[in-house]
Amino acid sequence: MDEHTRRDVADLRVRLLAAQKVCVLTGAGMSAESGIPTFRDAQTGLWAKFDPMQLASEAGFRSDPRLVWDWYEHRREGVRRALPNAGHLALAGYARRRPGRLTLITQNVDDLHQRAGNTDALRLHGDILLDRWLERCTHQPSLLDVSSAVPGRPPKCPHCANLVRPGVVWFGEQLPDGVMEAAEQAAFECDVMLVVGTSGAVWPAAGLAQVAREAGAHVAILNPQESAIDGEAHLILRGTAAGVLPGVFAE
Ligand code: OAD
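In this text, all values refer to a predicted model and were calculated from it rather than measured experimentally.

Caption draft 1: Structural context of the overall build of the protein. A tally of regular secondary structure across the protein gives 11 helices and eight strands. For the protein, the C-alpha radius of gyration of 19 Å lies close to 18 Å, the compact-globule estimate for 251 residues. If one aligns the C-alpha atoms of the protein with their principal axes, the spans along those axes are about 60 × 35 × 30 Å. Taking all 251 residues of the protein together, the buried fraction comes to 50%. Intrachain contacts of the protein at a sequence separation of at least 6 include 66% that bridge at least 24 residues.

This is the structure:
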């Protein structure tokens, strides 16, 4: 870390210590050092190798359920094997030491924030480890529990043609009920917003930095590369989540 970045980290640390309300928005870069690939990094990002419309849309799932199911099973294995990194642990430590100050908002579908200790993170894009029905069961429309599904790739309803799908938000789908509203409220109310490891390419998550900035918060971005929302930041730290967050949240 160069002298300039060291000074910026110290500046942000002081602001975080003084803040009453802090929002942290994380993206795939947060988990990159835990070995979970990002989406848009050139070469290593998932969308450099795979077609998002085939693998992350309802139409893609319907066109080839087995292919999509198997791809999520493979990613689930990677998530289960991964461990929270020093960045996740730094955020969890801050939340523990300063109860009630941090709202953690994540676009990540892995459970590394939760396993680090941030069990109340707002999960904008769902949970890759959860299963849910593709549509309301025609056999029993109130049936939410997928445990009755017949195992398979993907599992199926024993009574109708309904399929089980991963509990993530696909392109074109609504975010889980109430989660974006809670995130916007937190962004509006915070004194400091820190955005970690997101390209800022996907909305509505990408709009949260602007909400915070317009409401008067200090906005900082941590990312080794440029992002689409750098223009919203008062402070930009060029570094990685595991490398920089422990210093940012040191007390
Ligand atoms: P992207 O893959 O678009 O962006 C990842 C960002 O992380 C990039 O800006 C990288 O520069 C940065 N990065 C890489 N390594 C890092 C590190 N070690 N520390 C910090 N930053 C690092 O991922 P998201 O912005 O999260 O949707 O993508 C948003 C959504 O698009 C995802 O939630 C996903 C995807 O389609 C769903 O899963 C529904």
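Resuming the write-up.
Caption draft 2: Main features of helix 6 (residues 65-81). Given a rise of 1.5 Å per residue, 17 residues ought to cover 24 Å, and the 24 Å separating the end C-alpha atoms of helix 6 matches this to within 8%. Among all positions of helix 6, only Val68, Trp69, Trp71, Tyr72, Arg75, Arg76 and Val79 are buried. Each buried residue of helix 6 sits inside an arc of 160 degrees when the element is viewed along its axis, so together they form one side. Residues of helix 6 that are exposed and angled more than 90 degrees away from the buried face: His74, Arg80 and Arg81. Check the buried side of helix 6 and you find it contacts helix 3 (46-49), helix 4 (52-55), helix 5 (58-63), helix 8 (112-116), strand 4 (126-133) and strand 5 (164-168).

Caption draft 3: Looking closely at the sheet that holds strand 6 (residues 192-196). If you trace the six strands from one edge of the open sheet to the other, you get 3-2-1-6-7-8, paired in parallel fashion. With partners counted over all chains shown, the strands left at the sheet margins are strand 3 (122-123) and strand 8 (235-237), one partner each. Pairing between strand 1 (residues 22-26) and strand 2 (residues 102-106): five bridges, direction parallel. Bridging across to strand 2, Thr26 finds its partner in Thr106. Its contacts with the sheet place helix 7 (residues 86-97) against strand 1 and strand 2, and it is angled at close to 150 degrees to strand 2.

Caption draft 4: Molecular detail of the nonpolar core. Counting residues in each nonpolar core, the largest one holds 25 residues, and the members touching the most others are Leu12, Val24, Leu194, Val196, Leu245, Val248 and Phe249. Elements represented by at least two residues in this core include exactly helix 1 (3-18), strand 1, helix 7, strand 2, strand 6, strand 7 (218-222), strand 8 and helix 11 (241-248). A per-element tally of this core places helix 11 first, with four residues. The contact partners of Val196, leaving out residues within four places of it in the chain, are Val24, Leu25, Thr26, Gly27, Met30, Leu222, Ala241 and Leu245. Core analysis: the next-biggest nonpolar cluster, separate from the first, contains 24 residues, Ile105, Ala183, Val195 and Leu208 among them.

Caption draft 5: Region of the structure containing the pairing of strand 7. Most of strand 7 is tucked away, with five of its five residues classed as buried. In strand 7, alternate side chains face the same way, and those of His218, Ala220 and Leu222 on one face and Val219 and Ile221 on the other are all buried. Summarising the sheet, strand 6 and strand 7 pair through five bridges and their orientation is parallel. Each bridged residue has a counterpart across the sheet, and for Val196 the counterpart in strand 7 is Leu222. Each parallel crossover has a hand, and for strand 6 linked through helix 10 (residues 208-214) to strand 7 it is right-handed.

Caption draft 6: Representation of the site of the ligand in the model. Around the ligand, a shell composed of 23 residues is seen, among which Phe39, Arg40, Thr198, Ser199 and Asn223 lie nearest. Taking Asn223, its side chain carries an N or O atom lying 2.7 Å from an oxygen atom of the ligand. Against a free-state accessible area of 800 Å², the protein chains account for coverage of 93% of the ligand. Class assignment of the residues belonging to the shell around the ligand gives a composition of nine nonpolar, 11 polar and three charged.

Caption draft 7: How the structure looks around the environment of Gly27. Checked against the element boundaries, Gly27 lands in the loop between strand 1 and helix 2 (29-32). Placed 124 residues apart in sequence, Gly27 and Pro151 show a C-alpha to C-alpha distance of 32 Å. If near-sequence neighbours (up to four positions away) are discounted, Gly27 is found in contact with Gln107, Asn108, Val196, Gly197 and Thr198.

Definitions and limits used
Residues numbered from 1 in each chain as written. Predicted model: local features only at pLDDT ≥ 70, side-chain atom pairs only at ≥ 80, totals over all residues. Heavy atoms only, no water. Helix = DSSP H or I, 4+ residues; strand = E, 2+ residues; numbered from the N terminus. Rg over C-alpha atoms; globule rule 2.2 N^0.38 Å. Buried < 20%, exposed > 50% of the residue type's maximum accessible area, 1.4 Å probe, protein only. Contact = heavy atoms within 4.5 Å. Expected span 1.5 Å × (residues − 1). Arc of directions from axis to C-beta. Pairing = 2+ DSSP bridges. Axes fitted to C-alpha atoms, helices over the stretch in contact; angles between N-to-C directions. Core = buried A, V, L, I, M, F, W, Y, C linked by side-chain atoms within 4.5 Å. Right-handed = clockwise from strand over helix to strand, strands pointing away. Near = heavy atom within 4 Å. Polar contact = N/O pair within 3.5 Å; in protein donor to acceptor, adjacent residues only side chain to side chain. Areas by Shrake-Rupley, 256 points an atom, 1.4 Å probe, with all protein chains shown as cover. Nonpolar A, V, L, I, M, F, W, Y, C, P; charged D, E, K, R; others polar.

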